[in-house]
Amino acid sequence: MIKILLKQLTILILSFTGITIIFFSLAQLVPGDPVILHYGNLTPGTEQYENAYQELGLDESLVRQYLIFIKDVLQGDLGRSTVTNHSVLEEFFTFFPATIELSLFAILIALVFGVGAGVLAAVNKNTWIDNLVISSSLIGYSMPIFWWGMLLILLFSLNLGLTPVAGRISFVFDIEPVTGFMLIDTLLAYPKYEFAAFYDALLHLILPSVVLATVPLAVIARMTRSAMIEVLSADYILTAKAKGVSNFKIIWVHALRNALIPLVTVLGLQSSVLLTGAILTETIFAWPGVGKWMVEAIFRRDYPSIQGGVLLIAVFVILINATVDLLYAAINPRMRRPE
Amino acid sequence: MIEVKIYKDIPIPGRWRQFNRQFRQHKGAMLGLFFLLIILIASVFAPIIAPYDPAEQFPEFLRKPPAWTDDGNREFIFGTDDLGRDVFSRIIYGSQLSLGLSAVVVFIAAIFGILLGAIAGLSRGFIEFSILRLMDIILAVPSLLLAIVIIAIIGPGLPNAIYAVAIVLIPHFVRIVRASIKEEMNKDYVVAARLDGANKARLFTHSILPNILPPLIVQVSLAFSTAIIDIAALGFLGLGAQPPNPEWGTILSQSRDYIQLAPWTVTIPGVAILITVLSINLVGDGLRDALDPKDGS
């Protein structure tokens, strides 16, 4: 276990160094004056401009500039947004909880329905249920989610009036951002609105998370189905059957437990897919998360925000993947080796 | 003439025959191929099939619903958009962009991916390690986000979107090629070629490449569908093709504001994207089953 841990740590450090080097090199490619890029509109020749120039180490070698960049990053200084003049790090973390809330809810939907559909399909292999699951997962997998989102808005929000069109909560509710997670914050504000605010936040959450869940759900359903079919033909299942274990217990306890192991890896890979989807979903539903924030930063040419945001997201994905690898080693008995 | 069979021979079907037979059995794949051919024909013969120019405006027919509705007009099968442009013609011309651009993207990604994968697979130590780490890093950044960053650096627009999506697709090719090379390297036929004195480049092009084609072809189909969705997504975000270009994602972002007034301008381009991607994925599934029979059910 310690060996695996050490290996993951090395990979982590290497990936981080690689990412920073790539970002640093990309920054050299951006057209325009690097000072203006990082600090907004400063006039060359002024004292401010000279200070910024010194701070970026522009009169020194590229290696030195990179070291300055690394030092700043490690100290959590990702610069300031050229538009709002807020610290990029702080700004990122005000938007990040919204994205996490959306993604967690989406992955929950994807897991529950994906695993359920996958198991159902595997148990009823080659029946109409199986065919239905396979074909709908193929459609879900091929879905352009930005269009899917608009379609659901058209149907549920505009035509049926069941769900709100955009945002995280109605303007009527004045919720103090304590944790940044709307569902928790609305519960914390319980004395003020009782469950009305919570219910409203949940209603806002449903459509975006269904949209975001679509692709992972399809992947999980397909994956669970094939893993389940393989496990169900294993000898130990036959043994369990021979011993008279109930069908329900065989499927949902004995088989599913082993079928879910490869799912951990899939979940790790889906974190990247989820964040990609989050960019689109947040844009459609005006969801104030990091995805929407990044797209806006590009249109405003807010370079520090783009750089800092992508760096943080990449580090986040790498951390998740490392955790997933560790988790996989921890739960999969086959990965355990005799000392 | 009488055919006399002296020997009782059982013909063993060739590679292509076997593949053909397997693929034809796959109903979904045949359906996908059928739709894909229709879309291909539509894009190649767009000027003949499309009744109007994609940019032509009919001011007297603004937001005309599709022909099958009560207010529809037979002149405009899929209706017209907010500027009075024929939706059907725009979709047909848009297929040129979607298919053509993704083909370019996949071509670029495959060339670079196979090259890098071959280098990584045939070498050891630092070169292999750095290529793999680089690919891991590219994979760590969510694909669309990476494309967005590349576009943020080189600026929005169609050519830049192509480079961005291509770069995002490269790591998958690298991984597959490298893994397959490592697997094939110790097989007897490769050892034989090596004993014959083949150098690494020759070894790869003459011995290994023909044998790792099946997973590569499957990867091409996967990359193709990803490319179509990503290009449309970039167009939708306003970072890819720019209006009045009839690219499907761009059309969607344009008609978004009229979702209530003219819902068909939203639904129809989306259906076009969905059907195209679905067809490619169906064909991809069929290819995978047919090329690698031991894997299929």
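1. Points about the environment of T186 of chain A
All names here are of chain A. Assignment of secondary structure puts T186 in helix α8 (residues 182-188). Note on T186: relative accessible area 0%, which makes it buried. The spatial distance from the C-alpha of T186 to the C-alpha of L6 is 41 Å, given a sequence separation of 180 residues.

2. As for the layout of surface pockets
All names here are of chain A. Estimates place the volume of the second largest pocket at around 850 Å³. Sorting elements by how many residues they give to the lining of the second largest pocket places helix α4 (residues 62-74) first, with 5 residues. Split by domain, the lining of the second largest pocket shows at least three residues from each of two domains, domain 1 (2-74) and domain 2 (88-336).

3. Some details on the nonpolar core
F146 of chain A together with I148, L234 and L237 of chain B are the most contacted members of the largest nonpolar core, which has 167 residues in total. When we break this core down by domain, the ones giving at least three residues each are domain 1 (2-74) and domain 2 (88-336) of chain A. Here F146 of chain A is in contact with L280 and I284 of chain A together with I229, A232, A233, F236, L252 and I273 of chain B, once residues within four sequence places are set aside.

4. As for empty space enclosed by the protein
Residues and elements named next belong to chain B. Tallied over the full model, the rule gives 4 cavities of 30 Å³ or more. Space inside the largest cavity adds up to approximately 80 Å³. For the lining of the largest cavity, the secondary structure elements donating two or more residues are α4 (87-122), α11 (248-255) and α12 (264-291). When residues in the lining of the largest cavity are grouped by element, the largest group, 3 residues, is from α11. Among the residues forming the lining of the largest cavity, the class breakdown is 3 nonpolar, 3 polar and 4 charged.

5. Thoughts on a nonpolar patch on the surface
Residues and elements named next belong to chain B. A cluster of nonpolar side chains, contributed by L33, L37, L40, I41, V44, F45, I48 and I49, occupies part of the molecular surface with about 730 Å² of accessible area. Of the residues forming the nonpolar patch, the biggest block, 5 residues, is contributed by helix α2 (residues 27-44). Position of I49 among the secondary structure elements: in helix α3 (residues 46-49).

6. Notes on the interface of chain B and chain A
Where interface size is given, it is often the accessible area lost as the parts come together that is meant. The interface is formed by 41 residues belonging to chain B together with 41 residues belonging to chain A. Carbon and sulfur atoms supply 81% of the area that chain B and chain A bury against each other, a total of about 3800 Å² over both sides. Taken as a group, I137, L145 and I153 of chain B account for 16% of the area that chain B buries against chain A, more than any other trio of residues on that side. Counting across the chain B and chain A interface gives 1 salt bridge. In this structure, the salt-bridge partner of R222 of chain A is D285 of chain B, at a minimum N-O distance of 2.8 Å. Summed over the shared surface of chain B and chain A, the number is 6 residue pairs in polar contact (both at pLDDT 80 or more). The set of elements that each furnish at least two residues to the side of chain B that touches chain A consists of α5 (126-140), α6 (143-154), α10 (213-237) and α12 of chain B. Broken down by element, the side of chain B that touches chain A gets its largest block of residues, 12 residues, from α12 of chain B. Its residues assigned to classes, the side of chain B that touches chain A comprises 31 nonpolar, 6 polar and 4 charged.

7. Considering the domain arrangement of chain A
All names here are of chain A. In terms of domains, chain A is made up of domain 1 (2-74) and domain 2 (88-336). Inter-centroid distance (C-alpha atoms) of domain 1 to domain 2 is 34 Å. Buried area between domain 1 and domain 2, both sides added, is near 1300 Å², and the carbon and sulfur share of it is 81%. Remark: the boundary between domain 1 and domain 2 carries 0 salt bridges. At the surface where domain 1 touches domain 2, the tally comes to 0 residue pairs in polar contact (both at pLDDT 80 or more). Of all the elements in the fold, those that place two or more residues in the side of domain 1 that touches domain 2 are α1 (2-29), α2 (34-39) and α4. Ranked by the residues each element gives to the side of domain 1 that touches domain 2, the list is headed by α1, at 10 residues. A breakdown of the residues in the side of domain 1 that touches domain 2 according to their chemical character gives 11 nonpolar, 4 polar and no charged.

8. Regarding unusual backbone geometry
Omega for the bond connecting P243 of chain B with P244 of chain B falls within 30 degrees of zero, at 10°, which places this linkage in the cis form. Tracing the backbone through its elements, the reader meets P244 of chain B in the loop between α10 and α11. One non-glycine residue, N85 of chain A, lies in positive phi territory at about 65°. In this fold, N85 of chain A is placed in the loop between α4 and α5 (88-123). The residue R301 of chain A is not glycine, and still its phi comes out positive at about 55°. Looking at where R301 of chain A falls in the secondary structure, it is placed in the loop between α14 (290-299) and α15 (303-331). Judged by its relative accessible area of 53%, R301 of chain A is exposed.

The rules behind these values
- Residues numbered from 1 in each chain as written.
- Chains lettered and ligands numbered in written order.
- Predicted model: local features only at pLDDT ≥ 70, side-chain atom pairs only at ≥ 80, totals over all residues.
- Heavy atoms only, no water.
- Helix = DSSP H or I, 4+ residues; strand = E, 2+ residues; numbered from the N terminus.
- Buried < 20%, exposed > 50% of the residue type's maximum accessible area, 1.4 Å probe, protein only.
- 1 Å grid on protein atoms, 1.4 Å probe; cavity = no way out; pocket = protein on both sides within 12 Å on 5 of 7 lines; lining within 4 Å.
- Points joined across faces, edges and corners; volume = space filled by probe spheres on them.
- Domains from an automatic or database assignment.
- Core = buried A, V, L, I, M, F, W, Y, C linked by side-chain atoms within 4.5 Å.
- Contact = heavy atoms within 4.5 Å.
- Nonpolar A, V, L, I, M, F, W, Y, C, P; charged D, E, K, R; others polar.
- Patch = residues over 30% accessible without salt bridge, like charges linked within 9 Å, V, L, I, M, F, W, Y side chains within 5 Å.
- Areas by Shrake-Rupley, 256 points an atom, 1.4 Å probe, with all protein chains shown as cover.
- Salt bridge = Lys/Arg side-chain N within 4 Å of Asp/Glu carboxyl O.
- Buried area = accessible area lost by both parts, 1.4 Å probe.
- Polar contact = N/O pair within 3.5 Å; in protein donor to acceptor, adjacent residues only side chain to side chain.

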